[in-house]
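Notes for the structure review
What follows is the residue order along each chain.
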2 protein chains.
Amino acid sequence: MIRVMGIDCGTEFTGFGVVEQNGKSLRHVASGAISAGESGALADRLTHIHLVLCQVIQEHTPSHVAIEEVFYSVNAKSALKLGHVRGVALLATSQNKLPVAEYSPLSVKSAVCGYGRADKNQVQQMVMRLLKLEEAPESEDAADALAIAICHLHTSATLQRQKSGGTIKK
Amino acid sequence: MIRVMGIDCGTEFTGFGVVEQNGKSLRHVASGAISAGESGALADRLTHIHLVLCQVIQEHTPSHVAIEEVFYSVNAKSALKLGHVRGVALLATSQNKLPVAEYSPLSVKSAVCGYGRADKNQVQQMVMRLLKLEEAPESEDAADALAIAICHLHTSATLQRQKSGGTIKK
């Protein structure tokens, strides 16, 4: 059994999703989106995001965390804003002694939908199907975070198979 | 008496400097630079920076924090890296219930040297003179952080004079 938490950092909402894998079966444990809030000092908004992420980690005890790599086509101002959120998210994982893996948006979409150009709606539909959810996750950010967690589980499973003697065809 | 901590966030080194003002006299309390380290996971490096900043705050008990605004001419990749560090620095201040003020590099140089185009060496010399230091601070980052703290003290003093009945000439 392995439990992974995916984090989808954003300047408005930060999604989180905890997924458990037992054998080949995947189960949704928790998910949601943390609002950065529109008012209040930046430092206080970051404290709120950090606090909620720490609470989720402590309540749902994932053993690994997966986070999305940043897409550099954003401008410097957006990258800085996103960096603030990502910094406190990475801090929350390290303070809780959890290893973090990073995946590009392309890898996440490929792992979940089978191809890297899937749109938000397709990601949401596949997350629902893979986790056997009757309803869509609370928000796109929560769905993205669940997709990142699933991507990590798929990637770890592949690496595990390769380590345990699987051959790679060239 | 007022004690201000300046923080100069950087991707390689993060400078800090605590300055105390008593009447018109300024005193150097503490300063230094925290290395982000070249090896190790990003999350662990951020945890180290956050931990040292929290220790400095708890040991030297500033009542206010001042931090430099980011200069947007940097590219998105650098802005993201700087954002990570800035996020954990802002978190450290908010977790310790300290108000944070932000100043542009131009304001800091103007406040300390009298003009906004001063170079690093001029900032260091003026910081030494204003704080009556016999030796230069440990590093340029520490000197910059002390300059940010001095900028905040000068700005607060000006605002205070204006509030207490000073007139602004047009």
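Description of the structure in this document. (Residues numbered from 1 in each chain as written. Chains lettered and ligands numbered in written order. Predicted model: local features only at pLDDT ≥ 70, side-chain atom pairs only at ≥ 80, totals over all residues. Heavy atoms only, no water.)

What follows concerns the pattern of salt bridges. All names here are of chain B. In the structure shown here, the tally under the stated rule is 8 salt bridges over all chains. Close ionic contact of Glu102 with Arg86 constitutes a salt bridge, the shortest N to O distance being 2.7 Å. On the criterion of sequence distance, the pair formed by Glu102 in strand S5 (residues 100-103) and Arg86 in helix H2 (residues 76-95) is long-range, its members being 16 residues apart. You can call Glu102 partly exposed: its relative accessible area is 37%. Residue Asp144 is joined to Lys120 by a salt bridge in which the shortest nitrogen-to-oxygen separation is 2.5 Å. Here Asp144, found in helix H5 (residues 140-163), pairs with Lys120, found in helix H4 (residues 120-130); they are 24 residues apart in sequence, far enough to count as distant. On the basis of relative accessibility, which here comes to 42%, the residue Lys120 falls in the partly exposed class. (Salt bridge = Lys/Arg side-chain N within 4 Å of Asp/Glu carboxyl O. Helix = DSSP H or I, 4+ residues; strand = E, 2+ residues; numbered from the N terminus. Buried < 20%, exposed > 50% of the residue type's maximum accessible area, 1.4 Å probe, protein only.)

When two helices pack together, their arrangement is given by the angle between the helix axes and the distance between those axes. Residues and elements named next belong to chain B. Running from N to C, helix H1 (residues 42-60) and H2 point in directions that differ by 35°, and their axes come no closer than 9 Å. Handedness of the H1/H2 crossing: right-handed. For the pair H1 and H2, contact is made by Leu42, Leu46, Ile49, His50, Leu53, Cys54 and Ile57 and by His84, Val85, Val88, Ala89, Leu91, Ala92, Thr93 and Gln95, respectively. When its residues are assigned to classes, the contact of H1 with H2 shows 11 nonpolar, 4 polar and no charged. (Axes fitted to C-alpha atoms, helices over the stretch in contact; angles between N-to-C directions. Left-handed = near helix turned anticlockwise from the far one by under 90°. Contact = heavy atoms within 4.5 Å. Nonpolar A, V, L, I, M, F, W, Y, C, P; charged D, E, K, R; others polar.)

On to the sheet that holds strand S1 (residues 2-8) of chain B, then. All names here are of chain B. In spatial order, the strands read S3-S2-S1-S4-S5; together these 5 strands make up an open sheet with mixed pairing. Strands at the two margins of the open sheet, each flanked by one partner only, are strand S3 (25-35) and S5. For this sheet the average axis-to-axis angle between neighbouring strands, irrespective of direction, equals 20°. Bridge count between S1 and strand S2 (residues 13-22): 7 bridges; the pairing is antiparallel. Bridge pairing in S2 links Val4 to Val19. Contacting S1, S2 and S3, H1 runs over the sheet at an angle of about 160° to S3. (Pairing = 2+ DSSP bridges.)

Treat this as a map of the structure, not an account of what it does.
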